[in-house]
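Reading the structure
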Amino acid sequence: MDARERDVAELADVLRGRLVERRRAEAVPGREGDGDLDLAVRDLVAAEAALLPAGDREALVARVLRDSVGLGPLETLLADPAVEEVMVNGPSRVYVERRGRIEPTDVAFADEEELRNTIERILAPLGRRVDELSPMVDARLADGSRVNVVIPPLAIDGPALSIRRFGAHRPGPDELVALGSLSRAQRALLEEAVGARRSVLVSGGTGSGKTTLLNALSSFVSPRERVVTIEDAAELRLQQPHVVRLESRPAGVEGRGEVTIRDLLRNALRMRPDRIVIGEVRGAEALDLLTALNTGHDGALSTVHANSPADALSRLETLALMAGVGLPHAAIAEQVQRGIDLVVHLERGRDGARRVAEVAEVVRAAGTTAVRTVAAGAAVGDGGR
């Protein structure tokens, strides 16, 4: 930051303080304040910084508005369409992910208070709050981006904020083939499987592109079908005309009002769905999903965190056992074998590229559930895309 930018930033802080005082005074009983914030800021800048050049005055207005109702220093990063995720580790360390690679930035907050104010401005329109009683929060912005916040005392070095962005454009199967994430053979296999109402489970690690692929696979679903999507945070953007989108809800400050993925899945079965799409299976809802798949609700699509197709099935069995209904492991394994048809495993290479490493079919071998590779992918980490 050069001397001019530093002077503009310091003056913007002073004017923002005066703006807050003025708005508070206008809010006293019996007075009706000016509701146009942009006009109020411009009037303030004209009155307090009339000697500045026009360009500096415009920069000052933008800075005051940004720090009053925007996302502060993060506005610049979020304006870059190449930024996939923003990660704030305290007021002085901000990182971004571009094309699958994490890199540091020179963006910083003035202090912890400015960071906390930015967090509050993010959460307030969403009806969410974070404080010492509830020091963690997970929320979704209007554009579908996911926000996670952890504050002290849980976050030792100051508030930790991450914003995972989801652009308005979601790549389809053909674009994934062009990017090298999916081979033509894999695309043809998956199109046939989804069209034939085979149940597909997408597995992979964090940031491997599971939701992106799930969204692309949904394009193979017939437009005549009624589809119900269930997610923790609504990220999927299905193009079919008959789609019902459901989103879970955490408990409120008083500890009531929670609606889980499992609650939504049970209700979705009563909504006459032709197909159910679950953003991610991560808890006891796995048992309800397996029950649905074995009682006529075939063709489901979902994702799970796992290191391989075989691990994905093992994890699904473990999650189903977490329901605590006392079913033996053998019964759960039988449900997995009969309910899941294909596992598509994604990996992210060292070069940041995300690729389908394997498409595996669920089979029975030696009396146990196993997988058999039906379409292998290119080796990850080779530098290609």
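No experiment lies behind these values; they were computed from the predicted model shown. (Residues numbered from 1 in each chain as written. Predicted model: local features only at pLDDT ≥ 70, side-chain atom pairs only at ≥ 80, totals over all residues. Heavy atoms only, no water.)

Let us look at the overall build of the chain. Helices and strands together make up the secondary structure of the chain, namely 12 helices and 14 strands. For the chain, the proportion of contacts with a sequence separation of at least 24, taken over those separated by at least 6, is 54%. Carbon and sulfur atoms form 50% of the exposed surface of the chain, whose accessible area is close to 19000 Å². (Helix = DSSP H or I, 4+ residues; strand = E, 2+ residues; numbered from the N terminus. Contact = heavy atoms within 4.5 Å. Areas by Shrake-Rupley, 256 points an atom, 1.4 Å probe, with all protein chains shown as cover.)

Here the focus is the packing of helix α10 (residues 285-293) against helix α12 (residues 329-339). At a closest axis distance of 9 Å, the pairing of α10 and α12 adopts a crossing angle of 55°. As judged from the angle between their axes, α10 and α12 are oblique. Once α10 is placed against α12, the crossing between them reads as left-handed. Taken together, the residues of α12 that come into contact with α10 (itself represented by L287, L290, T291 and L293) are I332, Q335, V336 and G339. (Axes fitted to C-alpha atoms, helices over the stretch in contact; angles between N-to-C directions. Parallel < 35°, antiparallel > 145°, perpendicular 65-115°, else oblique. Left-handed = near helix turned anticlockwise from the far one by under 90°.)

Moving on to the sheet that holds strand β3 (residues 101-104). Taken in spatial order, the 6 strands make up an open sheet running β3-β2-β1-β6-β5-β4, and their pairing is antiparallel. Two strands close off the open sheet at either side, each with one partner strand: β3 and β4 (136-140). Taken pair by pair, the neighbouring strands of this sheet meet at an average axis angle of 15°, ignoring direction. Note that β4 and strand β5 (residues 146-150) share 5 bridges and pair antiparallel. Within the sheet, the bridge partner assigned to D138 lies in β5 and is N148. Most of the contacts of helix α5 (residues 112-123) go to strand β6 (residues 160-164), to which it runs at about 40°, and overall it touches β1 (83-89), β4, β5 and β6. (Pairing = 2+ DSSP bridges.)

Residues I230, L246, L316 and I340 are the most contacted members of the largest nonpolar core, which totals 33 residues. Contributions of two or more residues to this core are made by β8 (227-231), β9 (243-247), α9 (261-268), β10 (275-278), α10, α11 (309-321) and α12. Apart from residues no more than four positions distant in its own chain, I340 is found in contact with S199, L201, L290, L293, L313, L316 and V362. (Core = buried A, V, L, I, M, F, W, Y, C linked by side-chain atoms within 4.5 Å. Buried < 20%, exposed > 50% of the residue type's maximum accessible area, 1.4 Å probe, protein only.)

Let's shift gears to the packing of α10 against α11. Packing of α10 against α11 leaves a shortest axis separation of 6 Å and a crossing angle of 110°. Overall, the two elements α10 and α11 adopt an arrangement that is roughly perpendicular. Where α10 abuts α11, its residues A286, L287 and L290 lie against L316, L319 and A320. A class-by-class count of the residues in the contact of α10 with α11 yields 6 nonpolar, no polar and no charged. (Nonpolar A, V, L, I, M, F, W, Y, C, P; charged D, E, K, R; others polar.)

Within strand β7 (residues 200-204), 5 of the 5 residues are buried, which leaves the element mostly enclosed by the surrounding structure. Because side chains alternate across β7, one face comprises the buried residues V200, V202 and G204, and the other comprises L201 and S203, equally buried.

Judged by how many residues are buried, strand β11 (residues 301-305) sits mostly within the fold: 4 of 5 residues are covered. As defined by bridge partners, β10 adjoins β11 across 2 bridges and the pair is classed as parallel. Following the sheet pairing, V277 is matched in β11 by L301. For the crossover from β10 across α10 to β11, the handedness is right-handed. (Right-handed = clockwise from strand over helix to strand, strands pointing away.)

Our next topic: a negative patch on the surface. Taken together, the side chains of D7, E10, D13, D111, E112 and E113 make up a negatively charged region of the molecular surface. Where the negative patch is concerned, the elements lending two or more residues are α1 (3-26) and α5. Among the elements that take part in the negative patch, α1 stands out by supplying 3 residues, more than any other. (Patch = residues over 30% accessible without salt bridge, like charges linked within 9 Å, V, L, I, M, F, W, Y side chains within 5 Å. Salt bridge = Lys/Arg side-chain N within 4 Å of Asp/Glu carboxyl O. Lys, Arg positive; Asp, Glu negative; His and termini not counted. Charge placed at Lys NZ, Arg CZ, Asp CG, Glu CD.)

For α5, built from 12 residues, the straight-helix expectation of 16 Å at 1.5 Å per residue is met to within 8% by its first-to-last C-alpha distance of 17 Å. Where α5 is concerned, the buried positions are E114, L115, T118, I119, R121, I122 and L123. Looking at where α5 begins, the residue whose side-chain oxygen comes 3.2 Å from the main-chain nitrogen of E113 is D111. (Expected span 1.5 Å × (residues − 1). Polar contact = N/O pair within 3.5 Å; in protein donor to acceptor, adjacent residues only side chain to side chain.)

Glancing now at the sheet that holds β11. Pairing is mixed in the open sheet, where 8 strands are placed in the order β9-β8-β10-β11-β7-β12-β13-β14. Of all strands in the sheet, those bounded by a partner on one side alone are β9 and β14 (368-376). The mean inter-strand angle of the sheet, taken between neighbouring strand axes irrespective of direction, is 25°. Here 4 bridges tie β7 to strand β12 (residues 342-348), and the two strands are oriented parallel to one another. Bridged to L201 within β12 is V343.

Attention now moves to the confidence of the model for the chain. Here the chain shows a mean pLDDT of 86. Residues at 70 or above account for 89%. Ignoring residues within four places in sequence, the model shows residues 27-34, a span with pLDDT below 50, making 7 contacts including any to other chains. (pLDDT = per-residue confidence, 0-100.)

This part takes up the side chain of E317. The residue E317 is located in helix α11 in this model. In this structure E317 is buried but unpaired, with R364 as the nearest side chain of opposite charge at 9.0 Å. Among residues more than four places away in sequence, those in contact with E317 are H329, I332, A333, V336 and T369.

Across the junction of P152 and P153, the peptide omega takes the value 10°, indicating a cis bond. Its identity is not glycine, yet R99 carries a phi of approximately 50°, on the positive side. Mapped onto the secondary structure, R99 falls in the loop between β2 (94-98) and β3. Given the relative accessible area of 52%, R99 is considered exposed. Here R272, not a glycine, exhibits a phi torsion of approximately 55°, which is positive.

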